[in-house]
Amino acid sequence: MQLRPLGATGIAIAPVVFGGNVFGWTIDEATSFSVLDAFVDAGFNAIDTADVYSRWATGNQGGESETIIGKWLKARPSRRDQVVLFTKVGSDMGLGKRSLAASWIERAVDDSLRRLGVERIDLYFSHWPDPDTPHEETLGAYARLQAAGKVRAIGASNYDAALLGDALAVARRQGLPAYQVLQPEYNLADRASYEGPLRDLCLREGLGVVTYYSLASGFLSGKYRSPADLAGSARGKGVAKYLNPRGTAILAALDTVAEAHGATPAEVALAWLIAREGVTAPIASATSVRQVESFARAAALQLAPTQIAALDAASAPQPA
């Protein structure tokens, strides 16, 4: 599978990243092992998780996803050299707030390393902005982690153009590590927050970009087309907002393109992202081996310019 350079990190990744938020939430340990094996066997190599995954689930404390990945790596030691591990810091892990303070990062990274069972995190993200902590403090902490060999590269998630620009300027001015990857919310149904100044900044600065909610919480799979379809779904609450005329138009365009390729709507939605300027790879979750096999089809799918134009038109962001 053709790998893509991830910004200036020196890391190359396949065109779909596995979203590890499902581990310990919607799939158990055994199923997690199966989908991870299938993912790597298909030629993919990047796995995204976070220390907070999946604290929101009843009975969980956070760290469940990292723990399962760590157990998988321990059971299959040869896999470590085959995968690139992303994780994140900064979500509320019981402090009552999000934090990118140096003292918290230096504690949290050791917890993540222990759960993952590795000596180094390949890409460590600031998960959410922390308005109470200066960029200098956060980036200084990352500098020490890199010097100690605990972190290879750093990225930012959920930063807007102004905040990311400020962080990059501080890094240049003070000789600190710069964010080299952005993880924004971006998909056919949610385009406005990334397209424009934020994407322009990433292109200008040469940042890698890995998108989350790449299938809009499952809406772009086409399985949620009415309020009745949301019943019993763990993601249903996040999908309801798409059930409107624009969402219907997006699904209709996906259906048309999917039929032409003998593909699924989800595969077309991922292929649209893979082909998008300013996107290195979408993050997508799978709860079965069959879904992982779908990732491989999406990575191989070549959309015609007219098909991309039809998807663009159906999903064009609406004026505020």
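Everything discussed here concerns the structure shown above.
The text that follows walks through the structure, step by step, so that each part is easy to find. The model shown is predicted, which means the values in this text are computed figures rather than measured ones.

Turning our attention to unusual backbone geometry. The omega torsion across Y53 and S54 is 0°, close enough to zero to call that bond cis. Considering the arrangement of structural elements, one finds S54 in the loop between β4 (46–48) and α2 (64–75). Located in the positive-phi region is N158, a residue other than glycine, with phi close to 65°. By the secondary structure assignment, N158 is in the loop between β7 (151–157) and α5 (161–174).

With 12 residues, α2 extends 17 Å between its outermost C-alpha atoms, agreeing within 8% with the 16 Å of an ideal straight helix rising 1.5 Å per residue. For α2, every residue scored as buried is listed here: E64, S65, E66, I68, I69, G70, W72 and L73. Residues of α2 that are buried sit in contact with α1 (29–41), β4, β5 (84–89) and α3 (102–116).

Turning next to the packing of aromatic side chains. Tallied over the full model, the rule gives 15 aromatic pairs. Aromatic pair Y53 and W56: ring centres 5.6 Å apart, planes at 70°, arrangement edge-to-face. Residue classification places Y53 among the buried residues on the basis of a relative accessible area of 12%. We classify W56 as partly exposed; its relative accessible area is 44%. Between F219 and Y242, the ring centres sit 5.1 Å apart and the planes meet at 20°, which makes this aromatic pair stacked. Of this pair, F219 sits in the loop between β9 (208–211) and α7 (236–239) while Y242 sits in the loop between α7 and α8 (245–261); the two residues are 23 residues apart in sequence, bridging distant segments of the chain. Within the aromatic cluster, the residues linked to one another by ring pairs are F18, F23, F39, F44 and F295. For R98, the ring lying beneath its charged end belongs to W128, and the centroid distance is 4.0 Å.

A few words now on the packing of α5 against helix α6 (residues 197–205). Here α5 crosses α6 at 25°, and the two axes come no closer than 9 Å. The angle between α5 and α6 places the two elements in the roughly parallel class. For the pair α5 and α6, the contacting residues are A161, L164, G165, L168 and R172 in the first and P197, L198, L201, C202 and E205 in the second. When grouped by side-chain class, the residues that make up the contact of α5 with α6 number 7 nonpolar, 1 polar and 2 charged.

Evaluation of the coordinates by the stated rule reveals 16 salt bridges. Measuring nitrogen to oxygen at the nearest pair gives 2.9 Å for the salt bridge that ties R225 to D255. Of the two residues, R225 is situated in the loop between β9 and α7 and D255 in helix α8; the sequence distance between them amounts to 30 residues. Two residues, R297 and E267, come together in a salt bridge whose shortest N-O distance is 2.9 Å. Residue R297 is located in helix α10 (residues 289–300), and its partner E267 is located in helix α9 (residues 265–274); the two are separated by 30 residues in the primary sequence. Among the charged side chains, a salt-bridge network with shared partners connects D37, D41, R76 and R79.

Core analysis: the biggest nonpolar cluster contains 94 residues, and Y124, Y142, L164, Y179 and L220 have the highest contact counts within it. Per-element accounting of this core gives the leading share, 8 residues, to α9. Judged by nonpolar contacts, the second largest core, of 15 residues, contains I11, V17, V84 and I283.

This paragraph deals with α9. Of all the 10 residues making up α9, 10 are buried; the element is thus mostly covered by neighbouring parts of the structure. Here α9 has its buried residues at P265, A266, E267, V268, A269, L270, A271, W272, L273 and I274.

Along strand β6 (residues 121–126), 6 of the 6 residues are buried, which leaves the element largely enclosed by surrounding structure. Looking at chain direction, β5 and β6 are connected through 4 bridges and run parallel. What sits directly across from F86, in β6, is L123. Each parallel crossover has a hand, and the one from β5 via α3 to β6 is right-handed. Where β6 lies against β7, 5 bridges are found, and the strand directions are parallel.

What counts and how
Residues numbered from 1 in each chain as written. Predicted model: local features only at pLDDT ≥ 70, side-chain atom pairs only at ≥ 80, totals over all residues. Heavy atoms only, no water. Helix = DSSP H or I, 4+ residues; strand = E, 2+ residues; numbered from the N terminus. Expected span 1.5 Å × (residues − 1). Buried < 20%, exposed > 50% of the residue type's maximum accessible area, 1.4 Å probe, protein only. Contact = heavy atoms within 4.5 Å. Phe/Tyr/Trp six-rings, centres within 6.5 Å; stacked < 30°, edge-to-face > 60°. Lys NZ or Arg CZ within 6 Å of the ring centre and 35° of its normal. Axes fitted to C-alpha atoms, helices over the stretch in contact; angles between N-to-C directions. Parallel < 35°, antiparallel > 145°, perpendicular 65-115°, else oblique. Nonpolar A, V, L, I, M, F, W, Y, C, P; charged D, E, K, R; others polar. Salt bridge = Lys/Arg side-chain N within 4 Å of Asp/Glu carboxyl O. Core = buried A, V, L, I, M, F, W, Y, C linked by side-chain atoms within 4.5 Å. Pairing = 2+ DSSP bridges. Right-handed = clockwise from strand over helix to strand, strands pointing away.

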